[in-house]
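Now for the letters of each chain:
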Amino acid sequence: MNKIMMTVAFMLVMVTSVLAQDKPVETETNQKRNEIDKKIYQLALRYNDLAVARTKLFELIERNPTNITYPETLTSLYFEAGQYTSAAVSALDILEMNDKSLVALEVAANSLEQLGALDKALPNFERHYLLTNNLFSLYKTAYMQYSLNRQDEALNSINMLVKAPKASEEKVGFPKADNTTQEVTLKAAALNLKGMVYMYQKNKAEAIAALNQALEVQPDFELAIENLKEANKL
């Protein structure tokens, strides 16, 4: 979850910088209104007044219906505030206008996951990975497939992730028993998930092999250690 929030925060910074460089609109009056609204929006963010920030975004959206930057910023604000239903609906609306919006794909995927709509989250994670080669999105794709009992698809996604060179460098957070977060490499996370798939399939030998591989990559991986204990009981 921390990784998601960091990603959205980064998106907000990037989108805000784009807002400041918006193209001139057709009339001088609208251009002046846009400039005023953007200044108020940025000031509202500075003061953490999200209600005012959203109001100004709605006005910018109404005045500039073809500029996708404004709805992308709005959906990111919803997600950052934990308003997952609003974030999901607004992101899906954006995807109807532009199915290649990376902001909307990421927000839709993560918001729908938070709402428990895994079957709807999955295609957004899949498409985000296809457009970006983002390994975290590939990991989430594999996890969604596992959760939806699409085990063969999950194993295929996991194997793709394990083979990716950067999977040994990029990390993802897992909760620990003491309520802290442990950062592990995506390769270790993928191998742990592979073990979970085999545990679900009651394949003890393959589960133990995959979990031992995960621990070879990261010996202190707490979740993999616990899963290995469970696998040995099969």
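Residues numbered from 1 in each chain as written. Predicted model: local features only at pLDDT ≥ 70, side-chain atom pairs only at ≥ 80, totals over all residues. Heavy atoms only, no water.

A word on the packing of helix H10 (residues 186-200) against helix H12 (residues 222-231)
Interaxial distance between H10 and H12 falls to 10 Å at its minimum, and their mutual angle equals 20°. Taken together, the axis directions place H10 and H12 in an arrangement best described as roughly parallel. When you trace H10 past H12, the crossing you get is left-handed. Touching Asn192, Met196 and Met199 of H10 are Leu223, Ala224, Asn227, Glu230 and Ala231, all from H12. In terms of residue class, the contact of H10 with H12 is made up of five nonpolar, two polar and one charged. (Axes fitted to C-alpha atoms, helices over the stretch in contact; angles between N-to-C directions. Helix = DSSP H or I, 4+ residues; strand = E, 2+ residues; numbered from the N terminus. Parallel < 35°, antiparallel > 145°, perpendicular 65-115°, else oblique. Left-handed = near helix turned anticlockwise from the far one by under 90°. Contact = heavy atoms within 4.5 Å. Nonpolar A, V, L, I, M, F, W, Y, C, P; charged D, E, K, R; others polar.)

Considerations on the pattern of salt bridges
Inspection of every chain in the model, using the stated rule, returns eight salt bridges. With a closest N to O distance of 3.7 Å, arginine 127 and aspartate 99 form a salt bridge. Here arginine 127, found in helix H7 (residues 118-132), pairs with aspartate 99, found in the loop between helix H5 (84-97) and helix H6 (102-114); they are 28 residues apart in sequence, far enough to count as distant. Of the residues examined, arginine 127 reaches a relative accessible area of 28% and is grouped as partly exposed. Residue class for aspartate 99 comes out partly exposed when judged on its relative accessible area of 42%. Among the salt bridges present, the one from glutamate 230 reaches lysine 233, with a minimum N-O distance of 3.4 Å. Judged by its relative accessible area of 39%, glutamate 230 is partly exposed. Residue classification places lysine 233 among the exposed residues on the basis of a relative accessible area of 64%. Shared partners join several salt bridges into a network, and the residues in it are Asp37, Lys56, Glu59 and Arg63. (Salt bridge = Lys/Arg side-chain N within 4 Å of Asp/Glu carboxyl O. Buried < 20%, exposed > 50% of the residue type's maximum accessible area, 1.4 Å probe, protein only.)

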